[in-house]
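Analysis of the macromolecular model
Letter by letter, the chains look like this.
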Amino acid sequence: MSYKIISKFSNEISDKEWIEIRDSFNLIFKKNNNVTFFKKKYSDCSLGYSSHGILYFKSKIVGCFTIIPRDYLISNRKELIGLACDAYILKGHRTDELLLKKMSERAISNIKKKK
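Bear in mind the structure is a predicted one, so any value in this text is a computation, not a measurement.

Each value, and the rule that gives it
Residues numbered from 1 in each chain as written. Predicted model: local features only at pLDDT ≥ 70, side-chain atom pairs only at ≥ 80, totals over all residues. Heavy atoms only, no water. Salt bridge = Lys/Arg side-chain N within 4 Å of Asp/Glu carboxyl O. Buried < 20%, exposed > 50% of the residue type's maximum accessible area, 1.4 Å probe, protein only. Helix = DSSP H or I, 4+ residues; strand = E, 2+ residues; numbered from the N terminus. Contact = heavy atoms within 4.5 Å. Pairing = 2+ DSSP bridges. Axes fitted to C-alpha atoms, helices over the stretch in contact; angles between N-to-C directions. Phe/Tyr/Trp six-rings, centres within 6.5 Å; stacked < 30°, edge-to-face > 60°.

Focus: the pattern of salt bridges
- If you walk through the whole model with that rule in mind, you get 10 salt bridges.
- Glu-79 is the partner of Arg-77 in a salt bridge, and the nearest nitrogen-oxygen pair spans 2.6 Å.
- For Arg-77, a relative accessible area of 51% puts it in the exposed group.
- Asp-96 is paired through a salt bridge with Lys-102; the nearest N and O atoms lie 3.4 Å apart.
- When its relative accessible area of 27% is taken as the criterion, Asp-96 is described as partly exposed.
- Given the relative accessible area of 36%, Lys-102 is considered partly exposed.

A closer look at the environment of Lys-31
- Tracing the chain through its elements places Lys-31 in the loop between α1 (15–29) and α2 (35–43).
- Linking Lys-31 and Thr-95, residues 64 residues apart in sequence, is a C-alpha distance of 24 Å.
- Other than its neighbours up to four places away in sequence, Lys-31 contacts Phe-25 and Asn-26.

Concerning the sheet that holds strand β1 (residues 3–9)
- The four strands lie next to each other as β1-β2-β3-β4, forming an open sheet whose pairing is antiparallel. Looking at strand neighbours, the two that pair on one side only are β1 and β4 (77–89), the edges of this open sheet. This sheet shows a mean twist of 20° between the axes of neighbouring strands, independent of strand direction.
- Two elements, β1 and strand β2 (residues 51–57), share seven bridges in a ladder whose sense is antiparallel. Note that in β2 the partner of Ile-6 across the bridge is Ile-54.
- Of the strands in this sheet, β1, β2, β3 (60–74) and β4 touch helix α3 (residues 99–114), which is tilted by about 30° from β1.

Details of the side chain of Ser-104
- Note that Ser-104 resides in helix α3.
- The buried category is assigned to Ser-104, whose relative accessible area is 13%.
- Discounting residues that sit within four places of it in the chain, Ser-104 has contacts with Phe-65 and Ile-67.

As for the packing of aromatic side chains
- Under the defined criterion, the tally for this structure stands at nine aromatic pairs.
- The interplanar angle of 20° and the centroid separation of 6.2 Å between the aromatic rings of Trp-18 and Tyr-42 together place this pair among those described as stacked. On the criterion of sequence distance, the pair formed by Trp-18 in helix α1 and Tyr-42 in helix α2 is long-range, its members being 24 residues apart. For the pair Trp-18 and Tyr-42, a shared accessibility class is recorded, and that class is buried.
- Relative to Tyr-42, the ring of Phe-38 lies with its centre 6.0 Å away and its plane at 40°, an arrangement referred to as tilted. Taken together, the residues Phe-38 and Tyr-42, both in helix α2 and four residues apart, mark about one turn of the helix.

Set out below in structure tokens:
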């Protein structure tokens, strides 16, 4: 099988990819969110964008792991901390128990580059 994991920031995701993320997320979580919901959720944060580890199968999105950066005050010091959320892999593509871990690592490494 031909899986590929690519990390992207929210502002790098194409309109086509937003639609695929919306459709697959809504299928997994039984929701009815629109693309605007996701764009707002992932951009209304400390950096203005989130980091995503996106799982592709034959150029179609079949999974995503998102980290939303947030500022927290810890011991009177402002720290940027990532909130991991909205992680999923479509049911027919859960073939490797390490895929979700790999997706999270890509999203984390992507956001660390910006820090």
